[in-house]
Amino acid sequence: MEFFIDTGDLNEIKEAYSWGLIDGVTTNPSLVAKAGVDQKTLIKEISQIVDGPISAEVISTQAEGMLAEAYDLAKIHDNVVIKLPMTKDGMIACNELSRNNINTNITLIFSANQALLAAKNGATYVSPFIGRLDDIGQTGMQLISEIKDIFDNYAFTTKILAASIRHVDHVKTSALIGSDVATIPYKVLAQLFNHPLTDSGLKKFLEDHAKSMK
Ligand code: G3P
């Protein structure tokens, strides 16, 4: 399973990359706004830290504008993946980009049928938003499971990128279902290391070692 970090914060990216866990990065307009720099500068800087797929999202809502933005963003680095919304225009843009061998990530996926449409249009990744479904009382993980079954049924090569991950159990369940990728916020990535028995066990080992040295 690949891990992407879901952030526009360069310090978070650098630190998580140093842990050896990061295969790629996802951003979105909210994360870019939080970073406080323009998208192209940010994506260029990320590409100098991480050697892996970096998702950059278009802002246009019409296919023509999406494509113009996409070709511009794709020039930044070979690792740039164009993030497009799950709309009719997003699908038109996805189809053209796929035919031109530009990688795509279809975002704001909330149903298995939306993921099916993206796969049929040649998307490289689909991003089901787990946490936002949980927020409205649905079960985000059920969606990952349905998409996995559909993609397996037809041997689609589109990768499932579990997004909107809010806690460590989302990561575990995504892995159990067989999601190809999870894009994880820094805070959740850091929490993956933790277990209270690891902490208390290490404390005891160090205390016993100190006693043996007296
Ligand atoms: O990058 C898209 C996604 O991960 C957003 O997550 O927490 O804003 O629902 P969230």
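Asker: So, the nonpolar core: which residues are in play, and what are the values?
Answerer: Across soluble globular proteins, nonpolar side chains show a tendency to be buried alongside one another. Formed by 53 residues in total, the largest nonpolar core has its most connected members in Ile82, Leu84, Ile106, Ile147, Phe151, Ile165 and Ile184. Broken down by element, the residue count for this core peaks at six residues, all from helix α8 (residues 140-154). Setting aside residues up to four positions removed in sequence, Ile147 forms contacts with Ile109, Ala112, Ala115, Val126, Pro128 and Ile160. Grouped together as the second largest cluster of nonpolar side chains are five residues, Val81, Tyr125, Leu161 and Val181 included.

Asker: Explain a nonpolar patch on the surface to me, using residue names and the numbers behind them.
Answerer: Taken together, the side chains of Leu202, Phe205 and Leu206 define a hydrophobic patch exposed on the protein surface, amounting to about 350 Å² of accessible area. With respect to the helices, strands and loops of the structure, Leu206 is situated in helix α11 (residues 196-212).

Asker: Break down α8 for me, citing the residues and quoting the values.
Answerer: Taking 1.5 Å of rise per residue, 15 residues should cover 21 Å, and α8 covers 22 Å from first to last C-alpha, within 8% of that figure. Looking only at α8, the buried set comprises Gly140, Met141, Leu143, Ile144, Ile147, Ile150 and Phe151. Packing partners of the buried residues in α8 comprise β5 (104-109), α6 (112-120), β6 (125-128), α7 (130-135), β7 (159-162) and α9 (168-177). Among the residues trailing α8, Ala155 stands out with phi positive, at a value near 55°.

Asker: Tell me about the sheet that holds strand β8 (residues 181-184), and name the residues and values.
Answerer: One closed barrel accounts for eight strands, arranged β1-β2-β3-β4-β5-β6-β7-β8; its pairing is parallel. Each neighbouring strand pair of the sheet contributes to a mean axis angle of 30°, computed without reference to strand direction. Sheet topology note: the strand β1 (residues 2-6)/strand β2 (residues 24-26) ladder contains three bridges and is parallel. Across the sheet, the residue bridging to Ile5 is Val25, located in β2. Together, β2, β3 (54-57) and β4 (80-85) form the strand contacts of helix α3 (residues 39-49), whose direction differs from that of β3 by roughly 175°.

Asker: So what's going on with the packing of α6 against α8? Which residues, and what values?
Answerer: How two helices sit against one another is set out by the angle between their axes and by the gap between those axes. Their axes nearest at 9 Å, the elements α6 and α8 cross at an angle of 40°. By the angle class used here, α6 and α8 are oblique. Both α6 and α8 take part in a crossing whose hand is right-handed. Residues Ala112, Ala115, Leu116 and Ala119 of α6 touch α8, and the partners they reach there are Leu143, Glu146, Ile147, Ile150 and Phe151. Within the contact of α6 with α8, the residues separate by chemical class into eight nonpolar, no polar and one charged.

Each value, and the rule that gives it
- Residues numbered from 1 in each chain as written.
- Predicted model: local features only at pLDDT ≥ 70, side-chain atom pairs only at ≥ 80, totals over all residues.
- Heavy atoms only, no water.
- Core = buried A, V, L, I, M, F, W, Y, C linked by side-chain atoms within 4.5 Å.
- Buried < 20%, exposed > 50% of the residue type's maximum accessible area, 1.4 Å probe, protein only.
- Helix = DSSP H or I, 4+ residues; strand = E, 2+ residues; numbered from the N terminus.
- Contact = heavy atoms within 4.5 Å.
- Patch = residues over 30% accessible without salt bridge, like charges linked within 9 Å, V, L, I, M, F, W, Y side chains within 5 Å.
- Areas by Shrake-Rupley, 256 points an atom, 1.4 Å probe, with all protein chains shown as cover.
- Salt bridge = Lys/Arg side-chain N within 4 Å of Asp/Glu carboxyl O.
- Expected span 1.5 Å × (residues − 1).
- Pairing = 2+ DSSP bridges.
- Axes fitted to C-alpha atoms, helices over the stretch in contact; angles between N-to-C directions.
- Parallel < 35°, antiparallel > 145°, perpendicular 65-115°, else oblique.
- Left-handed = near helix turned anticlockwise from the far one by under 90°.
- Nonpolar A, V, L, I, M, F, W, Y, C, P; charged D, E, K, R; others polar.

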